[in-house]
Amino acid sequence: MVLHKRLRRSAVAITGLVSMLYAMSAQAAYELNMTESVTPIGKQLYGLHMLVFWICVGIGVLVFGAMAYSILYHRKSVGHEAEQFHESTKVEIAWTVVPLLILIGIAIPATATLIELEDAKTDAEITLQVTGIQWKWKYTYVDEGVSFVSNLAQSSRDVIKDPTGNENYLLEVDNPIVLPVNKKIRFLFHADDVIHAWWVPELAVKQDAIPGFINDSWAIIEEEGVYRGQCAELCGKDHGFMPIVVNAVSESEYEQWIAGMQAEAAAAASAATQEWSMQDLVARGETVYQANCSACHGPTGAGIPGAFPAITDSPIVLDADQAAHIDIVVNGKAGTAMAAFKNQLNDIDIAAALTFQRNGLGNSVGDTVQPSTIAAAR
Amino acid sequence: MSTEIAHETAHDEHHDHGPAKGLMRWVTTTNHKDIGTLYLWLSFIMLLYGGSMAMIIRLELFQPGLQWVEPHFFNQMTTMHGLVMVFGAIMPAFVGLANWLIPMMIGAPDMALPRMNNWSFWILPFAFGMLACTTFMEGGAPAFGWTFYAPLSTTFAPASTDFFIFAVHLMGISSVMGSINIIATILNMRAPGMTLMKMPLFVWTWLITAYLLIAVMPVLAGAVTMMLTDRHFGTSFFDAAGGGDPVMFQHIFWFFGHPEVYIMILPAFGVISAIIPTFARKPLFGYSSMVYASASIAILSFMVWAHHMFTTGMPVAGELYFMYATILISVPTGVKVFNWVTTMWKGSMTFETPMLFALGFIVMFTIGGFSGLMLGVAPVDTQYHDTYFVVAHFHYVLVTGALYSIIAAFYYWVPKWTGHMYDERLGKIHFWWSTIAVNVLFFPQHFVGLAGMPRRIPDYALQFAEFNQISSIGGFAFGLAQVFFLYIVIKTIRGGEKATDRVWEGATGLEFEQLPSPPPYHSFNEPPPVK
Ligand code: HEM
Ligand SMILES: [Cu+2]
């Protein structure tokens, strides 16, 4: 009697809870399950994920069901007396062998998918080299000679205290990658400083970018669209702030974009040979500084005591001889987080950032650093 | 007849052998019960310390945007939280239980090496004191995660990392000494008739755990020593620029790290295998298969480490091997769960607090095992890896697994230890409060992880906001529940209904059948009869 009352009470409670959860998930925009992918491998991964999930649910129903039954009916309060059976080799063998067979059932499709997943080389049509750098990504289209750095967008940085309503907060970059659909793209991963991981859930690509190693992975994007991701390996202070944006477009749009990027690079190369004014350099330098330097040296140049040195009043910056200042920015400082920016920025951007550091952030050395000087220092 | 006489004389010689008085009792003690108590208190303090860092993490993650702490400080919090919980809360708690229980369970007067026992404990407060100090140093505490992957933890780490390295060395020394002691005690000090295959499972699982510890703590020591020489003495073990290999760090770390996760769960299996039969009033279904399953898990645990590294770019053959070996671990783990459920089957169950926590353990540990199986499937792990899905997985196995077993053990044995029953009503409140809170806390983390939220980030995109908020609310509630637990612990030590010697109707084992509650300062001066 008591038991039945209790049963009914808990049944009511459970139904209530389930319908509440259901109502919550029905009206909400958020995801409960794995992101569905737009690549053939990603679809296989999703299928495997669901297969193992349902196997777990099945086992769970059996095990938890048996537990629940036993908790309800084999309790002292309903007068159940304990039987004393124990030890049965047959049963032990059964519950060793049956799970083993289930595992083999999982391992077979998993093996096939894994082998396919790992084959990035065969028939690759485009090679995109991805370099992880604290805290940004550098992309190089190996055969097209296009290369740029991609940072968290200023629109996200501006609202970091209260991002309410900011679309794509933390998932927006200044320079997105553009890739064509229906081509096999091979990604090569590498890092300049610490280990990062490049992850775009919808492309089902997650691979570590490791200093001293080159890893690869691949994707064939089957639908046009914008796909967003993030760094997935703790890489220091701004690990949470190095997003990835992939624009998947038609092949012709892609070709156009590549041509535009190549023209831009040529224009920059010729501009670098010219003499730049202080005003232009400082203006450009501020943007370059905030995107590339401020993460460590601070938006006002104050640095972080004990971790990253200040730019304001730094002896290297204030030195009238520019050589040391140029050297540390161009070549970096081995054994520290200070990167060699010659690998990331062009001559104009480095010259601009240097000029800004010398004449902004509370410093006033009064000279300019010219792109041609940087070209010579490389 | 002759044993009785011997007993009498022994008693005469040993009367008036209680603990010394005052603070020095605790500093100089070589008594297994005192040292067990010290370990358990240290562990509780560390639980609250690590827990308060978790509260800071959940506070910052309560809503998108950076409101409370800077990213660098956030990383220090996740790092210190992990280190303190693993090395400070879970591991010492099990050593504390081992100290209290193993001599009583095998019929020994004390641990085999009592002075070393004192030393293994007293190293720890210094190790954790040193680790905690790093928070106040210039450049802050270690901020590279509890897994401290190089080169983030070498070239790019704050100066305080050297203190972290030294603290890890001390913890390692303490663990190895503790393990030698446990092995020596179990192998040499069992009462006549207590054959290996009669030992309670808690003793068995600890024996296996102790071997695991001795095998892997030196590996960890090696890893941090290589870090130290990379940082200061010009070596390049993990520095690619000098010909070293950052991935080798991960292999070494996880060769320690995976057995380490079983170090934190095998003794828990022992605890649950003691509690379920007691409250089901029915013997454990398959004692010997439980022993063999524990041993298989321990052996397999050495052969699966690289399942933490499926995205590092291992060769396919390596990934296939580590996938097969990893999912194979679910077999002996399943055997454990099936045995517990079959033990309950057709028993005569009652649901006192220890039983509630043990049942909670079985259900939620199994959920963690399911997500473990999913993670073990290498191709799909490339999508789960380093997301909140992994965070949910290891919190189900560690919080509702390891920690729940420790809490269950406390409620189960505290009447024996203190002679006082805890307050059953409060214990039940503690269970339900914790269990609801912990699921509100960790279950939604599966969802955000699958939807694409990486772990170890101080701020997140807006689509993750709802579940993070729910998770934070669960977090605060769970934190508060453990403060409530502190109140229950203190109340029980101070007083309470007198416990009987048997404590629980269905309890078996030497500590319940042969010793009063509370037991004398030296458990058995005479070997007890073993059935
Ligand atoms: C059926 C048994 C289990 C399997 C198959 C399993 C599998 C895995 C796998 C494959 C990972 C790596 C996921 C990734 O990073 O992508 C993982 C992570 C982890 N597991 Fe398990 N696991 C099991 C049980 C346990 C148990 C019993 C514990 C501890 C008591 C545990 C603790 C952990 C921890 C701490 C991590 C994450 C470490 C980190 O990256 O910080 N697991 N597990
Ligand atoms: Cu593992």
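Nothing here was measured: the structure is a model prediction, and the numbers come from that model. (Residues numbered from 1 in each chain as written. Chains lettered and ligands numbered in written order. Predicted model: local features only at pLDDT ≥ 70, side-chain atom pairs only at ≥ 80, totals over all residues. Heavy atoms only, no water.)

(A) Molecular detail of the overall build of chain A. From N to C terminus, chain A includes 11 helices and 10 strands. At 29 Å, chain A has a C-alpha radius of gyration far larger than the 21 Å of a compact globule built from 378 residues. Summarising its shape, the C-alpha atoms of chain A cover approximately 95 × 50 × 40 Å along the three principal directions. Among the 378 residues that make up chain A, the fraction classed as buried is 47%. Carbon and sulfur atoms form 59% of the exposed surface of chain A, whose accessible area is close to 17600 Å². In chain A, the 24 positive side-chain charges and the 42 negative ones have mean positions that sit 12 Å from each other. (Helix = DSSP H or I, 4+ residues; strand = E, 2+ residues; numbered from the N terminus. Rg over C-alpha atoms; globule rule 2.2 N^0.38 Å. Buried < 20%, exposed > 50% of the residue type's maximum accessible area, 1.4 Å probe, protein only. Areas by Shrake-Rupley, 256 points an atom, 1.4 Å probe, with all protein chains shown as cover. Lys, Arg positive; Asp, Glu negative; His and termini not counted. Charge placed at Lys NZ, Arg CZ, Asp CG, Glu CD.)

(B) Quick look at the coordination of the copper ion (ligand 2). Residues and elements named next belong to chain B. Protein-derived coordination of the copper ion (ligand 2) comes from His258 (ND1), His307 (NE2) and His308 (NE2), at a distance range of 1.8 to 2.1 Å. Sequence positions of the donors to the copper ion (ligand 2) reduce to the motif H-x48-H-H. The metal-metal distance between the copper ion (ligand 2) and the iron atom of ligand 1 is 4.7 Å. On the criterion of sequence distance, the pair formed by His258 in helix α8 (residues 246–263) and His308 in the loop between α10 (287–301) and α11 (316–344) is long-range, its members being 50 residues apart. Take His258: its relative accessible area is 5%, and that puts it in the buried class. (Donors = N, O, S within 2.8 Å, 3.2 Å for Na, K, Ca; no water.)

(C) Molecular detail of the site of ligand 1. Residue and element names in this part refer to chain B. Contacts to ligand 1 come from 23 residues, most closely from Trp146, Asp381, His385, His393 and Arg455. Asp381 is positioned such that a nitrogen or oxygen atom in its side chain is 2.6 Å from an oxygen atom of ligand 1. Taking Arg455, its side chain carries an N or O atom lying 2.8 Å from an oxygen atom of ligand 1. The greatest single-element share of the shell around ligand 1, amounting to six residues, is contributed by helix α12 (residues 353–376). Of the residues assigned to the shell around ligand 1, the class counts are 12 nonpolar, nine polar and two charged. (Near = heavy atom within 4 Å. Polar contact = N/O pair within 3.5 Å; in protein donor to acceptor, adjacent residues only side chain to side chain. Nonpolar A, V, L, I, M, F, W, Y, C, P; charged D, E, K, R; others polar.)

(D) Structural context of the environment of Leu345 of chain A. Residues and elements named next belong to chain A. Within the secondary structure layout, Leu345 lies in the loop between α9 (323–331) and α10 (347–359). Residue class for Leu345 comes out buried when judged on its relative accessible area of 12%. Excluding anything up to four places from it in sequence, Leu345 contacts Val288, Asn292, Ile350 and Arg378. (Contact = heavy atoms within 4.5 Å.)

(E) Region of the structure containing the packing of aromatic side chains. A complete count under the given rule lists 66 aromatic pairs over all chains for this structure. Centre to centre, the rings of Tyr141 of chain A and Tyr254 of chain A are 6.3 Å apart; their planes meet at 40 degrees, and the pair counts as tilted. One end of the pair, Tyr141 of chain A, is in strand β2 (residues 136–141); the other, Tyr254 of chain A, is in helix α5 (residues 251–271), and 113 residues separate them in sequence. The same class applies to Tyr141 of chain A as to Tyr254 of chain A, namely buried. Judged by centre distance (6.3 Å) and plane angle (70 degrees), the rings of Tyr149 of chain B and Phe249 of chain B are edge-to-face. In this pair, Tyr149 of chain B sits in the loop between α5 (114–133) and α6 (161–188) while Phe249 of chain B sits in helix α8, placing the two residues 100 residues apart along the sequence. Positioned above the aromatic ring of Trp135 of chain A is the side chain of Lys237 of chain A, whose terminal nitrogen or guanidinium carbon lies 5.5 Å from the ring centre. Lying over the aromatic face of Phe85 of chain A, Lys282 of chain B brings its terminal NZ or CZ to 3.9 Å of the ring centre. (Phe/Tyr/Trp six-rings, centres within 6.5 Å; stacked < 30°, edge-to-face > 60°. Lys NZ or Arg CZ within 6 Å of the ring centre and 35° of its normal.)

(F) Expanded view of the nonpolar core. Ranked by size, the top nonpolar core spans 261 residues in total, and within it Phe187 and Trp198 of chain A carry the most contacts. In terms of residue count, helix α4 (residues 71–106) of chain B provides more of this core than any other element does, 22 residues in total. Not counting residues within four places of it along the chain, the set of residues in contact with Phe187 of chain A comprises Leu128, Val130, Leu179, Trp198, Leu203, Val205, Asn215, Asp216, Ser217, Trp218 and Ala219 of chain A. Core analysis: the next-biggest nonpolar cluster, separate from the first, contains 19 residues, Leu281, Phe341, Ala353 and Val369 of chain A among them. (Core = buried A, V, L, I, M, F, W, Y, C linked by side-chain atoms within 4.5 Å.)

(G) Layout of the coordination of the iron atom of ligand 1. You will see that the iron atom of ligand 1 has only one donor from the protein, His393 of chain B (NE2), lying 2.2 Å away. With respect to the helices, strands and loops of the structure, His393 of chain B is situated in helix α14 (residues 388–418).

(H) Spatial organisation of the pairing of strand β3 (residues 146–150) of chain A. Residues and elements named next belong to chain A. By the criterion of burial, β3 is predominantly enclosed, with four of the five residues buried. Note that β2 and β3 share five bridges and pair antiparallel. Its bridge partner being in β3, Tyr141 is matched across the sheet by Val146. Joining the antiparallel neighbours β2 and β3 is a turn of four residues, in which Gly145 adopts a positive phi near 70 degrees. (Pairing = 2+ DSSP bridges.)

(I) Representation of unusual backbone geometry. Here the residue pair Gln134 of chain A and Trp135 of chain A is connected by a cis peptide bond, since its omega of -10 degrees sits within 30 degrees of zero. Inspection of the secondary structure puts Trp135 of chain A in the loop between β1 (126–133) and β2. Cis geometry is adopted by the peptide bond preceding Pro518 of chain B, which originates at Ser517 of chain B and carries an omega value of -5 degrees. Assignment of secondary structure puts Pro518 of chain B in the segment after α17 (510–513). Phi angles above zero are rare outside glycine, and Leu361 of chain A is one such case at about 55 degrees. Overall, the relative accessible area of 14% leaves Leu361 of chain A in the buried class. Residues other than glycine seldom take positive phi values, yet Arg456 of chain B does so here, at roughly 60 degrees.

(J) Layout of the sheet that holds strand β9 (residues 225–231) of chain A. All names here are of chain A. An order of β4-β10-β9-β6-β7 is seen for the five strands of this open sheet, with the pairing classed as mixed. Only two strands of the sheet have a single partner each, and these edge strands are β4 (177–180) and β7 (205–209). When strand polarity is set aside, the average angle formed by the axes of neighbouring strands in this sheet is 25 degrees. (Axes fitted to C-alpha atoms, helices over the stretch in contact; angles between N-to-C directions.)

(K) Spatial organisation of the packing of α4 of chain B against α14 of chain B. All names here are of chain B. Between α4 and α14, the shortest axis-to-axis distance is 11 Å and the interhelical angle comes to 35 degrees. Handedness of the α4/α14 crossing: left-handed. Residues His81, Ile90, Ala93, Phe94, Leu97, Trp100, Leu101, Met104 and Met105 of α4 form the contact with α14, whose own contacting residues are His395, Leu398, Ala402, Leu403, Ser405, Ile406, Ala409, Trp413, Lys416 and Trp417. By residue class, the composition of the contact of α4 with α14 is 15 nonpolar, three polar and one charged. (Left-handed = near helix turned anticlockwise from the far one by under 90°.)

(L) Looking closely at the interface of chain B and chain A. Opposite the 98 residues of chain B that make contact, chain A presents 92 residues. Both sides of the chain B and chain A interface together cover about 8000 Å² of buried area, and 70% of this is carbon and sulfur. Remark: the boundary between chain B and chain A carries one salt bridge. One salt bridge in this structure joins Glu505 of chain B and Lys76 of chain A, with 2.9 Å as the shortest N-O distance. Our enumeration of links across chain B and chain A arrives at 31 residue pairs in polar contact (both at pLDDT 80 or more). Partitioning the side of chain B that touches chain A into residue classes produces 58 nonpolar, 28 polar and 12 charged. (Buried area = accessible area lost by both parts, 1.4 Å probe. Salt bridge = Lys/Arg side-chain N within 4 Å of Asp/Glu carboxyl O.)

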